[in-house]
Amino acid sequence: AQKVTQAQTEISVVEKEDVTLDCVYETRDTTYYLFWYKQPPSGELVFLIRRNSFDEQNEISGRYSWNFQKSTSSFNFTITASQVVDSAVYFCALSEGSGGGADGLTFGKGTHLIIQP
Amino acid sequence: DAGVIQSPRHEVTEMGQEVTLRCKPISGHNSLFWYRQTMMRGLELLIYFNNNVPIDDSGMPEDRFSAKMPNASFSTLKIQPSEPRDSAVYFCASSYPPGDHEQYFGPGTRLTVT
């Protein structure tokens, strides 16, 4: 069975600090997809990134970066120079099988990130 | 292009009443998903469809829940009869698997059963 663990329930940092959100996953499939979503206080779920199991390249998008390591089954998310607008709940998710987005997502419990001014 | 559309955005009903949630996926997307979010259980998959066919409904809590997708542009999630423990935010999402694989979520329906 697949499982996603986000051990950090809540993180609070001061603006401009760097912060890393941890995600550890479990799956028996060799083909799978990993995702991060952001849920701001308004409640919608905003897609941030997708990685497939064959692509371990790290990715950077502006202040956001992702570190995918199959050896430790981790897909961590780092925000550099955090801003108050980054305050939200962040979810890591897993989808098994070659269907990728055609299969349901298993979500972690989420990490509530608080950026203090 | 419009995103996933859900209605109603908020629903308050009394225990025992029938509740119907609606979803219109993004045009051209052929996979549709229903999720539920609660404080206790987090985000959990209820059911999903590929090309209007239900693929996996193992997440549906019990027989009081049913979902249909009569065509590519419309889906419903029905709860009959509703119970207070069904109170949650229900999200619909759609994706186009041959393409980018991402699931795009609607704004959600906040259901309160009193």
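What you are looking at is a predicted structure, and each value in this text was computed from that prediction instead of being measured.

### A word on the sheet that holds strand S3 (residues 19–24) of chain B
Residues and elements named next belong to chain B. Overall, antiparallel pairing links the four strands, which are arranged S1-S3-S8-S7 in an open sheet. In this open sheet, the two strands that pair with only one neighbour each are strand S1 (5–7) and strand S7 (65–71). Here the strands of the sheet are splayed against their neighbours by 15° on average, with no regard to which way each runs. Of the strand pairs in this sheet, S7 and strand S8 (residues 74–79) are connected by five bridges, and their pairing is antiparallel. Residue Ala67 lies in a different strand from S8, and its bridge partner there is Leu77.

### Quick notes on the interface of chain B and chain A
Contacts between the two partners involve 19 residues from chain B and, on the opposite side, 18 residues from chain A. The junction of chain B with chain A conceals about 1600 Å² of combined surface from both sides, 57% of it contributed by carbon and sulfur atoms. The largest per-residue losses of area from chain B upon contact with chain A belong to Leu43, His101 and Phe105 of chain B, which jointly make up 37% of the total buried on that side. Our enumeration of links across chain B and chain A arrives at one salt bridge. We note a salt bridge from Arg50 of chain A to Glu102 of chain B, for which the minimum N-O separation is 2.7 Å. Elements that contribute at least two residues to the side of chain B that touches chain A include exactly strand S4 (31–38), strand S5 (42–50) and strand S9 (88–95) of chain B. At five residues, the largest contribution of residues to the side of chain B that touches chain A is made by S5 of chain B.

Conventions adopted
- Residues numbered from 1 in each chain as written.
- Chains lettered and ligands numbered in written order.
- Predicted model: local features only at pLDDT ≥ 70, side-chain atom pairs only at ≥ 80, totals over all residues.
- Heavy atoms only, no water.
- Pairing = 2+ DSSP bridges.
- Helix = DSSP H or I, 4+ residues; strand = E, 2+ residues; numbered from the N terminus.
- Axes fitted to C-alpha atoms, helices over the stretch in contact; angles between N-to-C directions.
- Contact = heavy atoms within 4.5 Å.
- Buried area = accessible area lost by both parts, 1.4 Å probe.
- Salt bridge = Lys/Arg side-chain N within 4 Å of Asp/Glu carboxyl O.

Geometric values such as these leave the question of function open.
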